[in-house]
Structure formats: C-alpha cells, structure tokens
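Now for the letters of each chain:
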Amino acid sequence: MAGAGAVIFAASASPSGGTPQEVDKAGLVAVARACIAAAVPRLIIVSSGSVTKPLSPVYVFLNFFGGIMRAKIEGEDAVRQLYFQRTGCDYVVV
C-alpha cells in the first residue's frame, strides 16, 4: 500500500470467501489499520444500503444471511474509532 493515494474496500462475505465477521468486520479493520500504517491518505469503504437503519426491511432481510449487516456496521464503527482525530489519513463510506 505504500505510496497509494487511496484504497477501496469493496469486499463482502460470501459462501466461498469468508463469513461476515471475517470479511465485513475483521477484514475491513485490517485494511484500515494497514492504510494508517502506510499513511494512505484516503480509505474508501463501499457499504450497503440501510446498514445504519437496523429496523428497515432491507437491513432485516440482508442481516438474515449470517449477520452481514451487523458485521458491516461493527466494522465501520471500528474504522471510525481508528480514524478519530487522525491527521493525514481520512476515510469515506459510500
């Protein structure tokens, strides 16, 4: 990652690629830590619709599949804590 201007995290859990806790939470946190360590100026996180609305039908439906929505918001919350009051590194969730 050294020298990168940005990193895009667009991974998500799948039957052949890992559980929501492994990918959407732990994977995102690992990438964020690596970005901070390498002083990557921008981390771009591709999230999911309604991830911040746990009572919405979309959240409820998607969370049924292994808790993917809960893992996503837990990962995003962890990134917020990692980047809190950091200078030179930034993130955005889309």
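The model shown is predicted, which means the values in this text are computed figures rather than measured ones.

Participant: Just to check I follow, could you spell out the overall build of the protein chain for this structure?
Facilitator: Scanning the protein chain from terminus to terminus reveals three helices and three strands. The order of α-helices and β-strands along the protein chain, N terminus first, is β-α-β-α-α-β. In terms of overall size, the protein chain behaves like a compact globule, its C-alpha atoms giving a radius of gyration of 13 Å where 94 residues would be expected to give roughly 12 Å. Across the 94 residues in the protein chain, those meeting the buried criterion constitute 36%. Sequence separation of at least 24 residues holds for 66% of the intrachain contacts in the protein chain that already meet a minimum separation of 6. As presented, the protein chain carries roughly 5400 Å² of accessible surface, and 62% of it is formed by carbon and sulfur atoms.

Participant: Please explain the packing of aromatic side chains as it appears in this structure.
Facilitator: The geometry of an aromatic ring pair is captured by two quantities: the separation of the ring centres and the angle between the planes. Within this structure, the stated rule accounts for three aromatic pairs. Their ring planes at 80° and their centres at 5.7 Å tell us that Phe64 and Phe65 sit as a pair that is edge-to-face. Exposure remark for Phe64: the relative accessible area of 67% places this residue in the exposed category. By relative accessible area, Phe65 is classed as partly exposed at 47%. Members of the aromatic cluster, joined through ring pairs, are Phe61, Phe64 and Phe65.

Participant: Help me understand helix H1 (residues 20–37) in this model?
Facilitator: Helical geometry: 3.6 residues make up each α-helical turn, so side chains three or four residues apart lie on a common side. With 18 residues, H1 should reach 26 Å at 1.5 Å per residue; the first-to-last C-alpha distance of 24 Å fits that figure. At Ala26, H1 shows its maximal bend, which comes to roughly 35°. Residues of H1 that are buried: Pro20, Val23, Asp24, Gly27, Leu28, Val29, Val31, Ala32, Cys35 and Ile36. Among the structural elements, strand E1 (7–9), strand E2 (42–45) and helix H3 (68–83) are those in contact with the buried residues of H1. Within two residues after H1, Ala39 carries a phi angle of roughly 55°, on the positive side.

Participant: Mind showing me how you'd approach the nonpolar core here?
Facilitator: In a soluble, globular protein the nonpolar side chains are often hidden away together inside. Core analysis: the biggest nonpolar cluster contains 16 residues, and Cys35, Leu43 and Tyr83 have the highest contact counts within it. Elements with a contribution of two residues or more to this core: E1, H1, E2 and H3. Per element, the largest residue contribution to this core is six residues, and it comes from H1. The next biggest cluster of nonpolar side chains, apart from the first, holds six residues, and it includes Ala13, Val51, Ile68 and Ile73.

What counts as what
- Residues numbered from 1 in each chain as written.
- Predicted model: local features only at pLDDT ≥ 70, side-chain atom pairs only at ≥ 80, totals over all residues.
- Heavy atoms only, no water.
- Helix = DSSP H or I, 4+ residues; strand = E, 2+ residues; numbered from the N terminus.
- Rg over C-alpha atoms; globule rule 2.2 N^0.38 Å.
- Buried < 20%, exposed > 50% of the residue type's maximum accessible area, 1.4 Å probe, protein only.
- Contact = heavy atoms within 4.5 Å.
- Areas by Shrake-Rupley, 256 points an atom, 1.4 Å probe, with all protein chains shown as cover.
- Phe/Tyr/Trp six-rings, centres within 6.5 Å; stacked < 30°, edge-to-face > 60°.
- Expected span 1.5 Å × (residues − 1).
- Bend = angle between axes of the 7 residues up to and from the residue.
- Core = buried A, V, L, I, M, F, W, Y, C linked by side-chain atoms within 4.5 Å.

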